[in-house]
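Examining the three-dimensional arrangement
Each chain, letter by letter, is given below.
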Amino acid sequence: MSKEPLPEQKSQGSPTSSSTMSKLRLFAILASVGVCQWAIVRARTGRDLAIELQSPQAIFVDPRQFAVFNNHITFRDDAFGTFFNPTNSTPPFFQIFDQSFLNVLGVTPAIYEISSNDTFAFAHEAPIYVSDTDTVYFASNDGGALGMSDLDHNNQVGFISIKDTEAKISSLNGTFSVNVPVSVLDLPDSVQMTNGGTGPINSSLLLINSGRGPRPPNIVRVNPSSPENATVLLDNYYGRQFNSLNDIKVHPSGKLFFTDVVYGFLNHFRPQPLMPSQVYRFDTATGAVRVVADGFDKPNGIAFTADGKTAYIADTGATSGFLGMNQTVPATIYAFDVDPKSHAFKNRRVLAYVDTGVADGIQVDTTGNIYAGCGDGVHVWNDQGDLLGKFFLGTTSANLVFAGKGRLIILAETKVFLAKIAAEGVSLTGPH
């Protein structure tokens, strides 16, 4: 939050103004010819918009009102320590910059805090939703603040029941917080410092692990049911260890795509890197692994559009573990065309540069919008790179996952949030 926040936004017209009366007449005409409710919403002011959404957590911020800062306003000089919250709203809330964000939120959106532990970053990355059991899995912070993991200690993979969460939420009366207990998987030693995950694939979790000390980074398939056994699918590049594997997605072709970066070294639990930070493709049928994209500072989150023709990579170069933060290097999501034969990433272009923190884990919804965990919550862009809005938490989110239609699970280190919205995520389970 800025030291001297912007003045509270004013309505675009009082109820008795001539401009408002004109709008009301227009609404009546539009309604009489059957124009949909969203057309009416587009003409409303920020305050009316929140009413239309029927949500006390919806805040409209008109970009025209902060395009120019007056001299008495303090500019943000720290992308990690200060947030853009011109309305001084209390998180969590929906921060709406573009009214097409309404299509994401629906009419009655809500954000609930569903699990918390202020002393332990139990909910960092690797979110996987399993619809058969209505369960979300995730990993604790590996080597970072409050992660309780380091060179000598592994992190953990836990899970919560969304069915139990829904039952607790249904009993709330005007509040937005419950605390659902977290259970922990008992995984074998081959699973070290889990940082990414996707699926499920044939009822199994697909985890990507950064490794720890001399134990190599790898990709494993895990049975989430007892005995919770794991099968290692890949742990080397032609005999060379990866640096510290980070995130993974299944392409519609069935191939696995993953990022390799240097955070294990930067967080003191992996040796010095011996290869560039790159993006790879792994063919589980043939065992072949190849590089599909390079030239990054720190490639991190990865996602595909539903048809697999476009890939997104988050470069988190601005955050560097023990080396600190550097706001002059990438905090950027890049878009690529995916070659239909080789799957090489081509035609690199900037999708978005993040205003707060870095973009980490990425997901895509069925209409093509891109979601990323960032320094103040989750940001949402359309496929042209326009920032539509934020799930503003006032704290860092490293990753997120859709838990069926209309539910978004947001990991925020010491907390987990459930956003009830209208959007639906693309399938993460590979070819059908």
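All values derive from a computational prediction rather than experimental measurement.

What follows is about the overall build of the protein. Secondary structure assignment for the protein yields six helices and 26 strands. Within the protein, the fraction of its 432 residues that count as buried is 55%. Once local pairs closer than 6 in sequence are excluded, the contacts in the protein between residues at least 24 apart make up 57%. When the accessible surface of the protein is summed, it comes to about 18400 Å², and 52% of that surface belongs to carbon and sulfur atoms.

In space, the four strands of this open sheet follow the order β8-β9-β10-β11, with antiparallel pairing throughout. The sheet is open, and its two borders are formed by β8 (194-201) and β11 (230-234), each paired with just one other strand. Taking the axes of each pair of neighbouring strands and ignoring which way they run, one obtains an average angle of 25° across the sheet.

Glancing now at the sheet that holds strand β4 (residues 125-130). The sheet built from four strands is open, its strands ordered β4-β5-β6-β7 with antiparallel pairing. The open sheet has two free edges, formed respectively by β4 and β7 (183-184), since each of these has just one partner strand. Where β4 meets strand β5 (residues 135-139), four bridges bridge the pair, whose relative direction is antiparallel. Residue pairing in the sheet places Glu 125 in a bridge with Ala 139 of β5. The strands that helix α5 (residues 162-170) touches are β4, β5 and β6 (157-161); relative to β6, the one it contacts most, it runs at about 45°.

Glancing now at the side chain of Arg 270. Relative to the elements of secondary structure, Arg 270 occurs in the loop between α6 (263-266) and β14 (278-282). Buried charge without a salt bridge: Arg 270, with Asp 260 as the nearest opposite-charge side chain at an N-O distance of 7.3 Å. Reaching out from Arg 270, the side chain makes a polar contact with the backbone oxygen of Gly 213 at a distance of 2.7 Å. A distance of 3.4 Å separates a polar atom in the side chain of Arg 270 from the backbone oxygen of Arg 215.

All buried positions along α5 are accounted for by Ile 162, Thr 165, Glu 166 and Ile 169. For α5, the angular spread of the buried residues around the axis is 100°, confining them to a single face. Buried residues in α5 make contact with β3 (110-116), β4, β5, β6, β25 (407-411) and β26 (415-420). The N-cap residue of α5 is Ser 161: its side-chain oxygen and the backbone nitrogen of Lys 163 are 3.4 Å apart.

Inspection of every chain in the model, using the stated rule, returns 25 aromatic pairs. Through a chain of ring-to-ring contacts, three or more aromatic side chains come together here, namely Phe 257, Phe 296, Phe 304, Tyr 334, Phe 336 and Phe 345. Over the face of the ring belonging to Phe 296 we find Arg 348, whose NZ or CZ atom lies 4.9 Å from the ring centre.

One broad rule of soluble globular proteins: the nonpolar side chains tend to lie buried together. Judged by nonpolar contacts, the single largest core of 37 residues is most densely connected at Ile 114, Ile 333, Ile 409 and Val 416. For Val 416, the contacting residues outside a window of four places in its chain are Tyr 112, Glu 113, Ile 114, Ser 115, Phe 122, Ala 123, Phe 138, Ile 160, Ile 409, Ile 410 and Leu 411. Counting 25 residues, the second-largest nonpolar core is a separate cluster that includes Val 378, Leu 400, Phe 417 and Ala 419.

Most of strand β12 (residues 244-250) is tucked away: seven of the seven residues are buried. If you look at the hairpin formed by β12 and strand β13 (residues 256-261), you'll find five residues sitting between the two strands, and Gly 254 has a positive phi there, around 95°.

A few words now on the side chain of Gln 363. Here Gln 363 shows up in strand β20 (residues 362-364). Polar contacts involving the side chain of Gln 363 include one to the main-chain carbonyl oxygen of Leu 400, which spans 2.9 Å. Ignoring any residue separated from it by four or fewer positions in sequence, one finds Gln 363 in contact with Lys 249, Asn 369, Ile 370, Tyr 371, Asn 399, Leu 400, Val 401, Phe 402 and Leu 428.

What follows covers the pairing of strand β21 (residues 370-374). Among the five residues in β21, five count as buried, and that is most of the element. With antiparallel pairing between neighbouring strands as the criterion, β20 and β21 make up a hairpin whose turn holds five residues, including Gly 368 at a positive phi of roughly 95°. Of the pairings in the sheet, the one linking β21 to strand β22 (residues 377-381) comprises five bridges and is antiparallel in character. Residue pairing across strands places Gly 373 opposite Val 378, the latter belonging to β22. Hairpin geometry of β21 and β22 is characterised by an intervening segment of two residues between the two adjacent antiparallel strands.

All right, on to unusual backbone geometry then. Cis geometry is adopted by the peptide bond preceding Pro 92, which originates at Pro 91 and carries an omega value of 0°. Relative to the helices and strands, Pro 92 is located in the loop between β1 (58-60) and β2 (93-96). With omega at 15°, the peptide bond leading from Ser 226 into Pro 227 counts as cis. Here the phi dihedral of Asn 202 falls at roughly 50°; this positive angle occurs in a residue that is not glycine. Summarising the element assignment, Asn 202 is placed in the loop between β8 and β9 (204-209).

A separate point is the pattern of salt bridges. Taken as a whole and judged by the stated rule, the model has 13 salt bridges. Close ionic contact of Lys 298 with Asp 297 constitutes a salt bridge, the shortest N to O distance being 2.9 Å. The exposure class assigned to Asp 297 is partly exposed, which follows from its relative accessible area of 30%. A salt bridge links Asp 355 to Lys 390, with the shortest nitrogen-to-oxygen separation between them at 2.9 Å. Within this pair, whereas Asp 355 is found in the loop between β19 (345-353) and β20, its partner Lys 390 is found in strand β23 (residues 387-392), the two being separated by 35 residues in sequence. The exposure class assigned to Lys 390 is buried, which follows from its relative accessible area of 1%. Each of Arg 76, Asp 355, Asp 376 and Lys 390 takes part in one network of salt bridges that share partners.

Reading guide: rules and limits
- Residues numbered from 1 in each chain as written.
- Predicted model: local features only at pLDDT ≥ 70, side-chain atom pairs only at ≥ 80, totals over all residues.
- Heavy atoms only, no water.
- Helix = DSSP H or I, 4+ residues; strand = E, 2+ residues; numbered from the N terminus.
- Buried < 20%, exposed > 50% of the residue type's maximum accessible area, 1.4 Å probe, protein only.
- Contact = heavy atoms within 4.5 Å.
- Areas by Shrake-Rupley, 256 points an atom, 1.4 Å probe, with all protein chains shown as cover.
- Pairing = 2+ DSSP bridges.
- Axes fitted to C-alpha atoms, helices over the stretch in contact; angles between N-to-C directions.
- Lys, Arg positive; Asp, Glu negative; His and termini not counted.
- Salt bridge = Lys/Arg side-chain N within 4 Å of Asp/Glu carboxyl O.
- Polar contact = N/O pair within 3.5 Å; in protein donor to acceptor, adjacent residues only side chain to side chain.
- Arc of directions from axis to C-beta.
- Phe/Tyr/Trp six-rings, centres within 6.5 Å; stacked < 30°, edge-to-face > 60°.
- Lys NZ or Arg CZ within 6 Å of the ring centre and 35° of its normal.
- Core = buried A, V, L, I, M, F, W, Y, C linked by side-chain atoms within 4.5 Å.

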